[in-house]
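# Inside the fold
Now for the letters of each chain:
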Amino acid sequence: MPTTSPEPQHVLVLNCGSSSLKFAIIDANDGHEIISGLAERLGDKAPSIKYKFNGAKTVIDLAANQAHAEAINTLVNLIKDHNLDEHLIAVGHRVVHGGEHFTKSVLIDEDVINGITKASSLAPLHGHANLLGISSAQASFIGLPQVAVFDTAFHQTMDEVAYLYALPYKLYTDYGVRRYGMHGTSHYYVAGQTAKLLNQPVEKSNFISAHLGNGCSVTAIKNGKSVDTSMGLTPLAGIVMGTRSGDIDPGLFNFLTTQLSYNAQQIDNLLNQESGLLGISELSNDCRTIEEAAVAGHKQARLALDIFCYRLAKQIAAYMVPLQCLDALIFTGGIGENSDIIRENVINQLAFLGFSCNQKSNLDARFGNQGIISSANTSPKAVVMPTNEEWVIALDAANIVKEL
Ligand code: AMP
């Protein structure tokens, strides 16, 4: 019987960061990527767009200081020049903060824009970029459905015991101050894929997923649902990251202001941009550079790696409290998918929970390869699972469009 291939269901996925824009056109039928790229250093001296199309890589230099709006214009021209808008059924936007209002992906309308605007006071840099991305896409693709997929949505299943801070309750009721968590789309995706890999239903799986990229977060997933996560009101909380401190003593604020005359903006820069792996190593925020330097004997690079792994292992162990029993620890994100050094270090620190690292499988699971990296017949399992947030966004957008 001849089979007919399904109609193309192309979704333009836009992920606007504070100074970057990741984009892709993905066929929601099968995940095939038609074009993908990254605009970076937006608003800086030398912004550029790199993209991959038909197997070729191209770089477009933007004029100095050009930012999201210009990058999106260039992208739209690129799409139209190659007739890539022909099969577009939707634009899917990654939105960092959905507050408490958004528990799943939604079709964007005026109410949704108002909701995102309200929530963006909780993550101003990202929120502003997300809103710009939405308005530019609406202006460029008139009539095309736009869908918002929230980084916070997966974590809306947390109980108040996990999400409330021990602060005056009014800060929560009047201003929404609480733990929200981020990277939800990634944690959700790798949990589903790991359940498939282990051949068990995700609704009956207990996982701890470690998304380790430039930003890093750990999530406790009980019966397929997020029950706790390390990021908080903002993406600054939790474990050590590339340039972010993760959790610190909040008393530091008083010390820095009264003893060292820092103002709020300087403290924000210190914690978000000058800390983490970069702050400790005084060398780089890039994990590859740190690992190479550590091997070559750079003491602070070694220390940065040790602190990163120790804090990560401690966070994972803490999540045994809500989970009680664990099927697998999942590593994902640029570091989680590629750094066998960090994975082995963390697994060894967690040997008391039953973990054991299989060195060969650990080395094999790099550069986009998934795999079980714990020794055979040991439990819990340790798994490397490449994330694919763009694919989740494309699927959610296509499913919402189907319902229209
Ligand atoms: P992401 O934000 O997910 O793109 O992850 C970026 C981080 O992944 C950076 O710190 C990179 O240094 C790190 N990374 C990428 N490849 C490797 C690798 N082969 N070994 C160690 N870290 C890596």
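If you're wondering where the values come from, they're calculated on a predicted model, not measured in any experiment.

### Observations regarding the UniProt feature "active site" (unreviewed entry) in the protein
Per the UniProt record, "active site" (unreviewed entry) is found at Asp-151. Mapped onto the fold, Asp-151 is located in the loop between β8 (146-150) and α4 (160-163). Among the residues examined, Asp-151 registers a relative accessible area of 1% and is labelled buried. A polar side-chain atom of Asp-151 sits 2.6 Å from a polar atom in the side chain of Arg-94.

### What about the pattern of salt bridges?
A full pass over the atoms with the stated rule returns 10 salt bridges. Residue Asp-151 is joined to Arg-94 by a salt bridge in which the shortest nitrogen-to-oxygen separation is 2.6 Å. Note that Asp-151 is positioned in the loop between β8 and α4 and Arg-94 in strand β6 (residues 88-95), a separation of 57 residues in sequence. We classify Arg-94 as buried; its relative accessible area is 16%. With a closest N to O distance of 3.2 Å, Asp-174 and Lys-170 form a salt bridge. Taken as a pair, Asp-174 and Lys-170 lie in helix α5 (residues 169-175) at a separation of four residues, close to a single helical turn.

### Observations regarding the side chain of Ser-105
Along the chain, Ser-105 turns up in the loop between β6 and β7 (106-107). In this structure Ser-105 comes out as buried when scored by relative accessible area, which is 14%. One polar contact links Ser-105 to Asp-396, side chain to side chain, over a distance of 2.6 Å. Contacts of Ser-105, omitting those with residues within four sequence positions, involve Val-147, Ala-148, Val-149, Asp-396 and Ile-400.

### Brief notes about unusual backbone geometry
Along the chain, Ser-379 connects to Pro-380 via a cis peptide bond; the corresponding omega equals 0°. Relative to the helices and strands, Pro-380 is located in the loop between β13 (371-372) and β14 (381-384). Here the phi dihedral of Asn-83 falls at roughly 55°; this positive angle occurs in a residue that is not glycine. Tracing the chain through its elements places Asn-83 in the loop between α1 (68-81) and β6. Phi at Phe-367 takes a positive value of approximately 55°, unusual for a residue other than glycine. You can call Phe-367 exposed: its relative accessible area is 64%.

### Remarks on the sheet that holds strand β10 (residues 216-222)
Ordered by their spatial adjacency, six strands build an open sheet running β11-β10-β9-β12-β14-β13, and the pairing between neighbours is mixed. The outermost strands of the open sheet, each flanked by one partner alone, are β11 (225-229) and β13.

### Points about the packing of aromatic side chains
Here the structure, examined in full by the defined rule, presents four aromatic pairs. A centroid spacing of 5.9 Å and a plane angle of 65° characterise the contact between Phe-154 and Tyr-188, whose relative ring orientation is edge-to-face. Note that Phe-154 is positioned in the loop between β8 and α4 and Tyr-188 in helix α6 (residues 184-197), a separation of 34 residues in sequence. A relative accessible area of 15% places Phe-154 in the buried class. Ring centres of Tyr-169 and Tyr-172 lie 5.9 Å apart, and the angle between their planes is 55°; on these two criteria the pair is classed as tilted. Of this pair, Tyr-169 and Tyr-172 both sit in helix α5, three residues apart, which is roughly one turn of the helix. The exposure class assigned to Tyr-169 is partly exposed, which follows from its relative accessible area of 48%. Taken together, the ring pairs in this structure connect Tyr-163, Tyr-169 and Tyr-172 into an aromatic cluster. One Lys or Arg, Arg-178, reaches over the ring of Tyr-163 and ends 3.6 Å from the middle of that ring.

### Observations concerning the site of the ligand
Around the ligand, the neighbouring residues are Gly-213, Asn-214, Asn-285, Asp-286, Cys-287, Arg-288, Glu-291, Gly-333, Gly-334, Ile-335, Asn-338 and Ser-339. One of the backbone nitrogen or oxygen atoms of Cys-287 is found 3.0 Å away from an oxygen atom of the ligand. Gly-334 is positioned with one of its backbone polar atoms (N or O) 2.9 Å from an oxygen atom of the ligand. In isolation the ligand exposes 500 Å². Once the protein is present, 75% of that is buried. Of all the secondary-structure elements, those providing two or more residues to the shell around the ligand are α10 (287-295) and α13 (333-338).

### Topic: the pairing of β6
The buried fraction of β6 is high, at eight of eight residues. Where strand β1 (residues 10-16) lies against β6, five bridges are found, and the strand directions are parallel. Within the sheet, the bridge partner assigned to Val-11 lies in β6 and is Ala-90. Here β6 runs beside β8; their pairing, made up of five bridges, is parallel. If you follow Val-95 over to β8, its bridge partner there is Phe-150.

Criteria and cut-off values
Residues numbered from 1 in each chain as written. Predicted model: local features only at pLDDT ≥ 70, side-chain atom pairs only at ≥ 80, totals over all residues. Heavy atoms only, no water. UniProt positions renumbered as here; feature names shortened; annotations may be inferred. Helix = DSSP H or I, 4+ residues; strand = E, 2+ residues; numbered from the N terminus. Buried < 20%, exposed > 50% of the residue type's maximum accessible area, 1.4 Å probe, protein only. Polar contact = N/O pair within 3.5 Å; in protein donor to acceptor, adjacent residues only side chain to side chain. Salt bridge = Lys/Arg side-chain N within 4 Å of Asp/Glu carboxyl O. Contact = heavy atoms within 4.5 Å. Pairing = 2+ DSSP bridges. Phe/Tyr/Trp six-rings, centres within 6.5 Å; stacked < 30°, edge-to-face > 60°. Lys NZ or Arg CZ within 6 Å of the ring centre and 35° of its normal. Near = heavy atom within 4 Å. Areas by Shrake-Rupley, 256 points an atom, 1.4 Å probe, with all protein chains shown as cover.

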